[in-house]
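Now for the letters of each chain:
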Amino acid sequence: MIRDARYEQMSRGDLDKLQLERLKAMAAYVYDKSPFYQRAMKEKGVAPGDIQTLADITKLPFTSKLDFRDNYPFGLMAVSMDKVVRVHSSSGTTGKPVVAPYTQGDIDTWSDVMARTLATAGVTENDVLQNSYGYGLFTGGLGFHYGAERLGASVIPTGGGNTKRQILLLQDLGTSVITCTPSYSLILNETALDMGVDLRETKLRVGVFGAEPWSDQMRKDIESKMGISAINIYGLTEIIGPGVSTECPYQCGMHIAEDHFLAEIINPDTGKQLPYGEIGELVLTTLTKEAQPVLRFRTKDITSLNPEPCKCGRTHVRMSRITGRTDDMLVVKGVNVFPSQIESVLLDVEGVEPHYLIVVDRQQGFKSDYLEIWVEVSEDIFSDEMSKMEDLEDRLRSEMDSVLAISAKIKLVEPKTITRTEGKAKRVVDKSELPIL
Ligand code: DLL
């Protein structure tokens with residue numbers, strides 16, 4: 001169902017007009033209200049009046065994660081604290097967290113965007129939606145919660161964890177939509193099977209999964225194991241949380257809510273804008289945010305944009321699945337490789353389970369000659385003769401070599417030995433952090 005047809009089906013010309021109008025207003029707003037942006041714009045020699053066309057966006061300064069850190073907690077804010085009704089935050093791996101304040105207007109916009117997102121994924125008011133994203137500072141829990149309520153679905157706010165009880169509720173309350181990280185969906189399925197429950201025989205029909213990279217192979221695996229349509233959703237704390245973009249049931253790229261977020265693709269090395277279709281770093285500008293609007297945020301996420309209207313009738317540009325982040329690329333003996341490429345190759349091989357660890361030697365930095373991949377194998381293979389394990393190991397090694405041109409040490413491990421996480425999975429570890437198996 002198209003919930004906001006007026007916006008979601010706008011012609012490119014009307015969308016451009018709307019975006020330009022909002023971009024001009026946003027440039028004037030941050031210049032006036034956010035000392036951080038006034039300074040940044042002055043340093044770049046640009047005033048709000050210089051924004052006359054959409055192409056003029058390149059005159060505006062970029063914002064990076066470092067800007068959030070350096071101005072922690074509220075240095076980018078454009079309103080006074082009495083207008084803020086909620087604050088979220090992302091943990092980050094190092095240093096200070098990123099803090100995201102919201103006005104009541106922002107919460108309303110976010111709820112609308114998330115309701116639209118869920119409708120795009122195929123969720124309706126008749127659905128029972130079990131929300132297993134973490135509640136709290138993380139934007140996943142409350143973002144989905146408010147959006148699903150606004151859509152009129154029946155929300156079961158389980159949050160992450162307590163997996164056995166989740167399976168029980170899922171059966172008893174007739175859950176038809178599950179929302180969580182893709183890696184947690186695998187844990188749910190594994191736990192269900194341990195309890196003798198086949199999720200394919202429940203009312204579950206859709207999963208809305210995001211917050212971490214996952215491959216198309218992983219999608220296929222989840223869809224066949226759980227008997228659902230697995231929809232990809234993207235978002236980030238700095239911009240709003242989940243809801244920046246999502247797939248429709250055609251699963252051919254994530255529709256960006258272009259009436260709220262202006263997307264660009266740049267060459268991460270030069271900062272120059274790239275045309276539609278080319279792969280590069282996603283840069284996002286908020287067009288309607290009040291508390292903490294952001295100009296040209298460098299997401300570090302690698303993707304490309306497709307402006308062709310979709311079969312579903314929506315016109316907003318679609319971004320392709322995130323293939324990696326500029327900061328998670330590994331360089332193995334001179335060959336660049338993203339963890340998600342490794343996942344794609346692994347999961348194409350029969351007998352491999354979607355649980356793996358990529359072991360690097362951080363002492364050598366990301367440019368490492370050392371790469372080891374730990375992979376769980378299926379029960380069948382594990383309990384079969386040794387030669388099957390050896391064959392699988394050889395096959396994986398040669399696939400890594402022929403598809404990705406990397407040489408990696410493959411270590412097959414027993415089913416269910418790699419640590420499961422309830423939120424975002426950690427796939428790349430340093431050899432010093434290795435669990436003892
Ligand atoms: O992960 C927001 C979110 C919650 C999105 C629930 C979707 C569902 P952060 O914790 O700030 O926000 O992390 C944002 O996660 O820059 C990407 O690198 C990654 N990410 C998010 N969605 C996807 C996805 C939330 N669908 C960072 N595919 C982003 C790949 C994703 N990576």
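About the thresholds
Residues numbered from 1 in each chain as written. Predicted model: local features only at pLDDT ≥ 70, side-chain atom pairs only at ≥ 80, totals over all residues. Heavy atoms only, no water. Helix = DSSP H or I, 4+ residues; strand = E, 2+ residues; numbered from the N terminus. Rg over C-alpha atoms; globule rule 2.2 N^0.38 Å. Contact = heavy atoms within 4.5 Å. Areas by Shrake-Rupley, 256 points an atom, 1.4 Å probe, with all protein chains shown as cover. Lys, Arg positive; Asp, Glu negative; His and termini not counted. Charge placed at Lys NZ, Arg CZ, Asp CG, Glu CD. Near = heavy atom within 4 Å. Polar contact = N/O pair within 3.5 Å; in protein donor to acceptor, adjacent residues only side chain to side chain. Nonpolar A, V, L, I, M, F, W, Y, C, P; charged D, E, K, R; others polar. Expected span 1.5 Å × (residues − 1). Buried < 20%, exposed > 50% of the residue type's maximum accessible area, 1.4 Å probe, protein only. Phe/Tyr/Trp six-rings, centres within 6.5 Å; stacked < 30°, edge-to-face > 60°. Lys NZ or Arg CZ within 6 Å of the ring centre and 35° of its normal.

Regarding the overall build of the protein
Along its length, the protein carries twelve helices and 22 strands. The C-alpha radius of gyration computed for the protein amounts to 22 Å, which stays within 12% of the reference 22 Å derived for 437 residues, consistent with globular compactness. For the protein, the C-alpha atoms occupy an extent of roughly 75 × 50 × 40 Å along the three principal directions. For the protein, the proportion of contacts with a sequence separation of at least 24, taken over those separated by at least 6, is 66%. Within the structure as shown, the protein displays about 18,500 Å² of accessible surface, and the carbon and sulfur contribution to it stands at 51%. Positive and negative side-chain charges in the protein, numbering 50 and 62 respectively, have mean positions lying 5 Å apart.

Describing the site of the ligand
Within the structure, the ligand sits among 21 residues, and Asn 232, Ile 233, Thr 237, Asp 301 and Lys 424 are positioned closest to it. A distance of 3.1 Å separates a nitrogen atom of the ligand from a polar atom in the backbone of Ala 211. One of the side-chain nitrogen or oxygen atoms of Asp 301 is found 2.6 Å away from an oxygen atom of the ligand. When the free accessible area of the ligand is taken as 610 Å², the share hidden by the protein chains comes to 92%. Listed by contribution, the elements that provide at least two residues to the shell around the ligand are α6 (139–151) and β7 (229–236). The element contributing the most residues to the shell around the ligand is β7, with five residues. Among the residues making up the shell around the ligand, the classes are represented as ten nonpolar, seven polar and four charged.

Here we look at helix α8 (residues 182–194)
Compared with the 18 Å implied by 1.5 Å per residue over 13 residues, the 19 Å span of α8 between its first and last C-alpha is a close match. Of all 13 residues making up α8, eleven are buried, and the element is well covered by its neighbours. Of the residues making up α8, those classed as buried are Pro 182, Ser 183, Tyr 184, Ser 185, Leu 186, Ile 187, Leu 188, Asn 189, Glu 190, Thr 191 and Ala 192. The inward-facing, buried residues of α8 contact α7 (163–172), β5 (177–180), β6 (206–210), α9 (216–226) and β18 (352–360). Downstream of α8 by one or two residues, Gly 196 has phi in the positive range, about 80°.

Quick look at the packing of aromatic side chains
Per the counting criterion, the structure on display carries six aromatic pairs. Summarising the aromatic geometry, the rings of Tyr 102 and Trp 110 are spaced 4.9 Å apart at their centres and angled 15° between planes, so their arrangement reads as stacked. This pair shows no difference in class: Tyr 102 is buried, exactly as Trp 110 is. Taking the centre distance of 4.5 Å and the plane angle of 25° together, the rings of Tyr 133 and Phe 144 count as stacked. Here the residue Tyr 133 occupies a position in the loop between β3 (128–131) and α6, and Phe 144 occupies one in helix α6, the gap between them amounting to eleven residues. Residue Tyr 133 is classed as buried on the basis of its relative accessible area, which comes to 3%. Among the aromatic side chains, those forming a connected cluster through ring pairs are Tyr 133, Phe 138 and Phe 144. Lying over the aromatic face of Trp 214, Arg 321 brings its terminal NZ or CZ to 4.8 Å of the ring centre.

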